[in-house]
Amino acid sequence: MIEPRLKIATCSLAGCFGCHMSLLDLDERLFELADRVELNRSPLTDIKELGECDLGLIEGGVANVENVHVLLEFRARCKILIAMGACALNGGIPAMRNQFTLRECLEESYLRGVGLVNAQIPNDPEIPLLLNQVHPVHEVVKIDYFLPGCPPSADAIWTFVNQLLSGQPIALSYTQIHYD
Amino acid sequence: MSEQPSFTLDGRRIPFRDGQTVMAAALAAGVYIPHLCFNPEFAPHGSCRVCLVKVNGRVQAACTTPAAAGQLVQSEIEELREIRRGILQMLFVEGNHVCPACEKSGACQLQAVAYYVGMLAPHYTHFYPRRSVDASHPEAVIDFNRCILCELCVRASREVDGKNIFAVRGRGINARLVVNTPSGKLGATDFSVGDKAAQVCPTGAILLKHHGYEIPIGQRLYDRKPINVVGDVAQLSESRGGRRHD
Amino acid sequence: MAESSTLAQTIREIVQRHGGMSTRLLQILREVQDHFTWLPPETLDQVAEALGVSPDKVRNVAEFYSFLYTEPRGFYDILFSDNITDRMLGSRELLHYLCERLDMEINTTRADGLVSVGTTSCTGMCDQGPAALVNGYALTRLDKPRLDRIVDLVNSRTPLTEWPREFFEVTSNIRRADILLGRHFADGAALRAVLKRGPEAILEEMVKSGLRGQGGAGFKSAAKWISCRGAPGDVKYVVCNADEGEPGTFKDRVLMQDFADLVFEGMTLCGRVIGARQGFVYLRGEYRYLLEALKATLLRRREVGLLGEAILGDPGFQFDIDIHMGAGAYVCGEESALIESLEGKHGVPRIRPPFPTTHGYLNKPTVVNNVETFAAAAKIAVEGGAWFASRGTAESKGTKLLSLSGDCERPGIYEYPFGVTVRRVLEDCGARDAQGIQMAGPAGHMISARQFDRRICFEDLATGGSFMVFDQSRDILDGIRNFTHFFVHESCGFCTPCRVGTSLMRDLVTKVHTGHGTRADLEEMRKLGRIMQVACHCGLGQTAPNPVLDSLDQFPESWERRLRSTAYEPAFDLNAALEEARRLTGRDDPGAYLSGQDLLIGAMP
Ligand SMILES: Cc1cc2nc3c(=O)[nH]c(=O)nc-3n(C[C@H](O)[C@H](O)[C@H](O)COP(=O)(O)O)c2cc1C
Ligand code: SF4
Ligand code: SF4
Ligand code: SF4
Ligand code: FES
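Rules and cut-offs
Residues numbered from 1 in each chain as written. Chains lettered and ligands numbered in written order. Predicted model: local features only at pLDDT ≥ 70, side-chain atom pairs only at ≥ 80, totals over all residues. Heavy atoms only, no water. Helix = DSSP H or I, 4+ residues; strand = E, 2+ residues; numbered from the N terminus. Buried < 20%, exposed > 50% of the residue type's maximum accessible area, 1.4 Å probe, protein only. Contact = heavy atoms within 4.5 Å. Areas by Shrake-Rupley, 256 points an atom, 1.4 Å probe, with all protein chains shown as cover. Lys, Arg positive; Asp, Glu negative; His and termini not counted. Charge placed at Lys NZ, Arg CZ, Asp CG, Glu CD. Domains from an automatic or database assignment. Pairing = 2+ DSSP bridges. pLDDT = per-residue confidence, 0-100. Polar contact = N/O pair within 3.5 Å; in protein donor to acceptor, adjacent residues only side chain to side chain. Buried area = accessible area lost by both parts, 1.4 Å probe. Salt bridge = Lys/Arg side-chain N within 4 Å of Asp/Glu carboxyl O. Nonpolar A, V, L, I, M, F, W, Y, C, P; charged D, E, K, R; others polar. Axes fitted to C-alpha atoms, helices over the stretch in contact; angles between N-to-C directions. Parallel < 35°, antiparallel > 145°, perpendicular 65-115°, else oblique. Left-handed = near helix turned anticlockwise from the far one by under 90°. Near = heavy atom within 4 Å.

Remarks on the overall build of chain A
When helices and strands are tallied, chain A shows 6 helices and 7 strands. For chain A, the succession of helices and strands along the chain, N to C, is β-α-α-β-β-β-α-β-α-α-β-β-α. Looking at chain A residue by residue over its 180 residues, the buried ones come to 52%. When contacts within chain A are restricted to residue pairs at least 6 apart in sequence, those whose partners lie at least 24 apart make up 76%. Summed over all atoms, the accessible surface of chain A reaches about 8,400 Å², with 55% contributed by carbon and sulfur. Positive and negative charge centroids in chain A, built from 13 and 23 side chains respectively, lie 5 Å apart.

Below you can see the structure in the form of structure tokens.
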């Protein structure tokens, strides 16, 4: 049976690429997946421009203005948006900076860090400006599905994607749901 | 001999003794009702509201509702699962729960109950409160970010240890756990790792030092089986990943 | 600050005046604060030592009540009543005006330490607002000229006792009287009746009267008294709930001001019926101005043999009444939290059962009734149950005091037989253009003009007495948002769904009210509200979502006209979240902003 392949895009916002590594952990199942989906913009492809997609997988939380732009674009282009991993779900490790003001964070890194010469807070327009706090993605756009884990296991991703592609209700097994 | 009185919980007959609550009778009969602020060794508290059940059609906390003959109790119904999920989500956004960076992860009751009720994400808007970590004690550390105000440590220290080291202070959303010393530091108290208060925390808010990440991921307390099968971490022996005695 | 030895001395004296009783802890802390303007840590330690209780117990209490301060506070502490009815009368503008004139920010203490200005929950002066408290004493009918004079009085450090009396004048504004307020009552008549006819006969009259609790819940008062009378134990208590914290209600204030004898008589009657020798009035802190007069009334009643030992000459009839002041905690109106507070603790509602009738004050059987309930009981003892039951409806006998405020020509107290229609009340008070009514306060229900033919009684619209009118010129959501703030402030924090849920609800309502919400947020409010209604530990949290849920049903257009056409909006202001970084980096290039255009792209799923 030949069906049109679903288009999937992925991105990593304020995350560590761990969720993408987990995706690669699908190993030989990647071939099976490749038969059924077509990868659009993603750290795993060279596609620069996000096209119209069926699924968007978001890794990472929202920490800066670039994250906001990417996330909004994903929301606009993807029919179904999935928050993948702890950082996308609740800010994760990057959100630990929310314990401090942005001033404290920047001064600690750029003014008081060891071995700094000409210490100053970077202000190059090329550098995406930071939000005062890191936020999970659902606080910025509507999210259709959440996939917890730090990272979610390849098994969990596999089950999830399969259920989604075959139109089944999402039902992960006990061991596939964890927050760490 | 007169038959022991009983009530019905999700279709099962649950016998009870006079004075028992719905929760106590259910647990004694081996039926799990999710809970956080309840610990069978202490008087019921009724604050977390995770144990809500329907008693004759009315939503009530199982841990504070006296069992009565003939009661019809419902627990595992979607309506209640949804409410419980909502309450768990509130606890998660109220504090700062970074499970990947928490030593309690995998053996945390809060996490395990959240898995049990099917919570995938915290859903609500995060409060990201600024709370501190107190590492002043040589043997234990308190991370206030993870405290869910169940007051088990408060009760344990007061009722069992006779030390009265902890208290919840302030009102409303400003309510917070404090250490009863002028400095507010645990190091200034006679807290010790053998205290009951060191063993009852359902979360990673009170942790013993010099231990951490000892059990590989995949083998931790709640990694393979859910809490209704495994039991509460505070009730389990060390060999099963529960409390640690030094 | 006093020398430490004199500090200790002062505190010892205060504690001694209260008999060294830890149940008086809240009363003691109030007095200590009156002395020092706030509660410095060393005073708390001294109180703990003098009472022989742990310092942490004292701190718990000090940090719970909003009128107790553990941070320095001005010599003059001015708190504006922040009910929606005060706001309708222009309180916000006045608050800003006063702060400007005093050269200070809202919610701060001026640098010279002389004055603090802030807000507080409804002070129960809705018919004569805008209102405020200064050092706990009620100020009414504020306007700019009055504030100008207050500024001078503050800056010249004039003692409160020398401020113009009319600033503190509280009028009763009784606009309609029926059997409770209208008929003369001879002091002692109810006590003579119980002595002559016996407690059983009085209880029979109470049953016949059908009297139900006037605090709002409507529990049959006779049943409560009978249950407490039958409860095992020799020591029992009578508690009069004069906490009246529900925004928009002030009828208990009028009863305590003009009919205190009737209320005390009802309490004494209850004492005789249930076999109690001690009664307490729990008077909300906002009514501090009534304290001296109430004490004088109690003294007079003792002198004429209506209180104390051998009442009316009967050596077996002993009963006395003590007044406890609250300190700014709405939750302490809930009867079990009130009892905790009476015991000198912070006011967290108890687990029920057991109920106060068997395990109340100090775990002894206790009757807790509303002020109006006791007043009615005294009348029933004299005039008979049938007389009382001749008014009202099948399930709601007698009359009800309504506190009318908001958009009407004649705000004040109206006594009606139960069953009166909302429309009739609106006509009587001169509310010609009503859009909606907040019945029974924020914990009650919001009704729209479609429902003005409904009747005020337990079968239809139950109320404790609050009746706030919103006319067509008002934005209903201003009221709703005000109420969500009220509940955040008043949640005791004990249980999860109320502690967290009230804040989540406030934020959602604010988001929509400020034009940043979508239909998804309305649905979210409904879901959250439904959880709170069933999951909270006490009535406060269970009723907190009512105004939101009611207005979503009754005033959908008020919500909808605020909505964005988009399907989803961020939970926070993205562009504002960049402000700090812009400041730190000094950047002002286009990349340093998120425009509305940028944001629109992701708003459509
Ligand atoms: C949050 C909350 C606040 C309350 N406040 C008051 C109050 O100010 N006055 C009052 O009489 N009852 C109040 N109640 C109701 C009391 O718990 C109790 O039902 C009442 O005092 C009993 O007296 P009654 O039967 O005469 O009405 C409150 C209840 C709740 C849940
Ligand atoms: S306490 Fe539990 S839920 Fe909180 S961060 Fe630690 S493991 Fe996660
Ligand atoms: S520290 Fe732990 S035991 Fe103590 S109140 Fe917090 S969550 Fe409960
Ligand atoms: S509902 Fe819960 S948190 Fe709210 S006032 Fe009642 S007990 Fe306190
Ligand atoms: S376990 Fe019952 S309320 Fe917490």
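Here's the deal with the domain arrangement of chain C
On domain assignment, one finds that chain C holds domain 1 (4-64), domain 2 (76-171), domain 3 (175-389), domain 4 (399-474), domain 5 (477-560) and domain 6 (574-603). The C-alpha centroid of domain 6 of chain C is placed 48 Å from the C-alpha centroid of domain 4 of chain C.

Let's talk about the pairing of strand β9 (residues 176-179) of chain B
All names here are of chain B. As paired elements, strand β8 (residues 166-169) and β9 share 4 bridges and run antiparallel to each other. Bridge pairing in β9 links Phe166 to Val179. Counting the residues between successive antiparallel strands, the hairpin from β8 to β9 contains 6 residues, one of them, Gly170, with a positive phi of roughly 90 degrees.

As for the confidence of the model for chain C
Here chain C shows a mean pLDDT of 96. Residues at 70 or above account for 99%. Our summary of model confidence lists the complex with pTM equal to 0.97 and ipTM equal to 0.97.

A short note on the pairing of strand β7 (residues 140-143) of chain B
Residues and elements named next belong to chain B. Here β7 shows no split at all, with Ala140 and Ile142 on one side and Val141 and Asp143 on the other all buried. Sheet topology note: the strand β6 (residues 133-134)/β7 ladder contains 2 bridges and is antiparallel. Bridge pairing links Val133 to Asp143 in β7. Linkage of β6 to β7, two consecutive antiparallel strands, is achieved through a turn of 5 residues. Direction of pairing for β7 relative to strand β10 (residues 206-208): antiparallel, over a ladder of 3 bridges. Paired with Val141 across the strands is Leu207, a residue of β10.

Considering the side chain of Thr10 of chain A
All names here are of chain A. Structurally, Thr10 is set in strand β1 (residues 6-12). A polar side-chain atom of Thr10 sits 2.7 Å from a polar atom in the side chain of Ser42. In this view, Thr10 contacts His20, Leu23, Arg41, Ser42, Pro43, Leu57 and Phe74; residues no more than four positions away in its chain are not counted.

Remarks on the sheet that holds β7 of chain B
Pairing in this open sheet of 3 strands is antiparallel, and the strands run β6-β7-β10 (chain B) from one edge to the other. Among the strands making up the open sheet, the edge pair consists of β6 and β10 of chain B.

Topic: the interface of chain B and chain A
Each partner contributes to the interface: chain B provides 32 residues, whereas chain A provides 27 residues. Considering only the side of chain B, the residues that lose the most area to chain A are Tyr115, Leu120 and Tyr128 of chain B, jointly responsible for 33% of the buried surface there. For the pair chain B and chain A, the number of links is 1 salt bridge. The shortest N-O distance in the salt bridge between Asp180 of chain A and Arg220 of chain B comes to 2.8 Å. For the pair chain B and chain A, the number of links is 16 residue pairs in polar contact (both at pLDDT 80 or more). Element by element, the count of residues in the side of chain B that touches chain A is highest for helix α3 (residues 109-116) of chain B, at 3 residues. Here the residues of the side of chain B that touches chain A sort into 17 nonpolar, 9 polar and 6 charged.

Re the packing of helix α13 (residues 260-274) of chain C against helix α14 (residues 291-303) of chain C
Residues and elements named next belong to chain C. Where α13 meets α14, the closest approach of the two axes is 10 Å, and the angle between their N-to-C directions is 60 degrees. When the interaxial angle is binned, α13 and α14 end up oblique. Considering how the two elements wind past one another, α13 and α14 form a crossing that is right-handed. For the pair α13 and α14, contact is made by Ala260, Asp261, Phe264 and Glu265 and by Leu294, Thr297, Leu298, Arg300 and Arg301, respectively. For the contact of α13 with α14, a count of residues per class yields 4 nonpolar, 1 polar and 4 charged.

Thoughts on the site of ligand 2
With respect to spatial proximity, the complete set of residues near ligand 2 consists of Phe92, His97, Val98, Cys99, Cys102, Ser105, Cys108, Leu110, Gln111, Arg146, Thr203 and Gly204 of chain B. When grouped by side-chain class, the residues that make up the shell around ligand 2 number 6 nonpolar, 5 polar and 1 charged.

Side note on the interface of chain B and chain C
On the side of chain C, 34 residues touch chain B, which itself brings 35 residues to the contact. Taken together, the two surfaces of chain B and chain C that pack against each other cover about 2,800 Å², and 59% of this comes from carbon and sulfur. Interface area lost by chain B to chain C is led by Met90, Arg169 and Arg171 of chain B, which between them contribute 28%. Between chain B and chain C we count 3 salt bridges in total. Residues Arg176 of chain B and Glu63 of chain C are paired through a salt bridge, measuring 2.9 Å at the closest nitrogen-oxygen approach. At the junction of chain B and chain C, the tally comes to 16 residue pairs in polar contact (both at pLDDT 80 or more).

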